[in-house]
Each structure stands twice: as structure tokens, then as C-alpha cells.
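Each chain, letter by letter, is given below.
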Amino acid sequence: MRLLKKIPFLAFALLFVNFLNAQEKASPAAVATGKINGATISINYSSPSVKGRQIWGGLVPFNEVWRAGANEATTFETDKELTIEGSKLPAGKYSFFVIPNEKECVIIFNKEAKQWGAYKDKEDQLRVTVKQKVANATAEKLVYTINKDNIVLSWENWNIPFSVK
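This structure is a prediction, so every number in the text was calculated from the model and none was measured.

**Student:** For the overall build of the protein chain, give the residues involved together with the corresponding values.
**Tutor:** Along its length, the protein chain carries 1 helix and 10 strands. Shown N-terminal to C-terminal, the secondary structure of the protein chain runs as helices and strands in the order α-β-β-β-β-β-β-β-β-β-β. Buried positions account for 42% of the 165 residues belonging to the protein chain. Accessible surface for the protein chain amounts to roughly 9600 Å². Of this, 55% is attributable to carbon and sulfur atoms.

So this is what it looks like as C-alpha cells:
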């Protein structure tokens, strides 16, 4: 009789676990790592897919802070000081945000690395403005690429590059 009382709870628990697994697969965790001028850089993010949606100005609204990935805020970590678009970023781990609009994007490095939900602009370490570029090909999944002198966020029909020294 006890087992019969537990069946609804066990069924709910299994459904909940399956739901969580489905959510993870929809925007799987990803890591981009690389070196620029001797600094080791690591970007941890969740990679959502376009799935036929309009991303820029649609799913990701213009002129609003976006966590630059899905789920928890994207993190950006460097073991050495970097120069981002001409401004210094000390070594450390940061949450990484973007404010997109039709003409340019604001890139934000925030001192509070672990964030979910509310963004705290008082903790911003660095903000820089960059111009996005229309991509030659559609990027179905969000991806970060670390090159020798820049980092590029690519998703849907945009590439958002920023210089790193």
C-alpha cells in the first residue's frame, strides 16, 4: 500500500528530471577557450538554437541587457589583464552581457560572475561599444570563437566581434 502512495510522486519526479534534461539539450552548455597574447581565455555559455525564430530585435530585444547565451549568465575568464577595444580589463572571471541594437552593441564585463536573473549594472567592470556585422552564413547555434586578436559571438545572421590585446 505504501508503494501505491509513492507512485504519483515517483512519476512526477521522473517527468521533472526528463523536463530538465530536455531543457539542457535545447541550449547545451558550451565552452570556448583560447589564448590571446599569452592570456588564457575561457568563455562558458549555453548555446541556444535559432529554430526559425527572429533573434535580433525579436527573441533578443533591442536596447535591453541580454546574458549572451541561455540559462545562467555567460562567463568570461582571463588569467592576465587584457585590452578590450582599447580599454583595460583586469585578470579575473566576469559575467558577460550584450545590449544589441540595430546599429551597434554594448559589450559588458560584470564583476559578479555568477548571475541568474537580475543584472547588477553597479558591478560593471567594463563596457565597450562595437559594430556587429552581417554574417555570410547563418549560425543556427550560438557560438563564441577566440581568434588571435579578437573574439566573435556568432548567432543567426550576426557576428559581434570585439578586439582583444
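**Student:** Just give me the short version of the packing of aromatic side chains, but keep the residues and values in it.
**Tutor:** Counted by the stated rule, this structure contains 13 aromatic pairs. Joined through ring pairs, the aromatic side chains of Tyr 45, Phe 76, Tyr 94, Phe 96, Phe 109, Tyr 144 and Phe 162 make up one cluster.

**Student:** Could you give an account of unusual backbone geometry, with specific residues and numbers?
**Tutor:** Although it is not a glycine, Ala 68 adopts a positive phi angle of roughly 60°. With respect to the element layout, Ala 68 can be found in the loop between strand S2 (39–46) and strand S3 (74–78).

**Student:** Which residues make up the sheet that holds strand S8 (residues 124–130), and what values go with them?
**Tutor:** Within the open sheet, the 6 strands sit side by side as S1-S2-S3-S6-S7-S8. Their pairing is antiparallel. Whereas interior strands pair on both sides, the edge strands pair on one side only; in this sheet they are strand S1 (29–36) and S8. Across the sheet, the mean angle separating the axes of adjacent strands is 25° when strand polarity is ignored. Where strand S6 (residues 92–100) and strand S7 (residues 105–110) come together, 6 bridges link them in antiparallel fashion. Each residue of the ladder has a partner; that of Ser 95, found in S7, is Asn 110.

**Student:** Can you break down the nonpolar core residue by residue, with the values?
**Tutor:** Membership of the largest hydrophobic core comes to 36 residues, with the highest contact counts inside it found for Phe 76, Phe 109, Tyr 144, Ile 151, Leu 153 and Phe 162. Residue assignment for this core shows that the elements contributing at least two residues are S1, S2, strand S4 (82–84), S6, S7, S8, strand S9 (133–146) and strand S10 (150–163). Tallying contributions element by element places S10 first for this core, with 6 residues. Ignoring sequence-local partners within four residues, the contact set of Tyr 144 consists of Ala 32, Ile 43, Tyr 45, Ala 68, Thr 74, Phe 96, Ile 151, Val 152 and Leu 153.

**Student:** Please give an account of the confidence of the model for the protein chain that cites residues and values.
**Tutor:** This prediction gives the protein chain a mean pLDDT of 89; 84% of its residues lie at or above 70. Residue range residues 13–17 is modelled with pLDDT below 50. Its contacts to residues more than four positions away, or to other chains, number 0 contacts. A low-confidence stretch, residues 20–24 (pLDDT under 50), is modelled with 0 contacts involving residues beyond four sequence positions or located in other chains.

**Student:** Describe the pattern of salt bridges, listing the residues and the values that go with them.
**Tutor:** In the structure shown here, the tally under the stated rule is 5 salt bridges. For Lys 120, the salt bridge identified is with Glu 112, shortest N-O distance 3.1 Å.

**Student:** Explain the side chain of Gln 132 to me, and be specific about the residues and the numbers.
**Tutor:** For Gln 132, the location among the structural elements is in the loop between S8 and S9. For Gln 132, the residues in contact, after removing those within four places along its chain, are Asn 101, Glu 102, Lys 103, Glu 104, Cys 105, Trp 158, Asn 159, Ile 160 and Pro 161.

**Student:** Lay out the pairing of S10 in plain terms, naming residues and giving numbers.
**Tutor:** In terms of burial, S10 is largely enclosed, as 11 of its 14 residues are buried. By the bridge criterion, 7 bridges tie S9 to S10 in an arrangement that is antiparallel. Bridging from a neighbouring strand, Val 143 pairs with Ser 154 of S10. Counting the residues that bridge the hairpin from S9 to S10 gives 3 residues.

**Student:** Run through the environment of Thr 78, naming residues and quoting values.
**Tutor:** Residue position: Thr 78 is located in strand S3. Along the sequence, Thr 78 and Ala 39 sit 39 residues apart, while their C-alpha atoms lie 6.4 Å from each other.

Rules behind the numbers
Residues numbered from 1 in each chain as written. Predicted model: local features only at pLDDT ≥ 70, side-chain atom pairs only at ≥ 80, totals over all residues. Heavy atoms only, no water. Helix = DSSP H or I, 4+ residues; strand = E, 2+ residues; numbered from the N terminus. Buried < 20%, exposed > 50% of the residue type's maximum accessible area, 1.4 Å probe, protein only. Areas by Shrake-Rupley, 256 points an atom, 1.4 Å probe, with all protein chains shown as cover. Phe/Tyr/Trp six-rings, centres within 6.5 Å; stacked < 30°, edge-to-face > 60°. Pairing = 2+ DSSP bridges. Axes fitted to C-alpha atoms, helices over the stretch in contact; angles between N-to-C directions. Core = buried A, V, L, I, M, F, W, Y, C linked by side-chain atoms within 4.5 Å. Contact = heavy atoms within 4.5 Å. pLDDT = per-residue confidence, 0-100. Salt bridge = Lys/Arg side-chain N within 4 Å of Asp/Glu carboxyl O.

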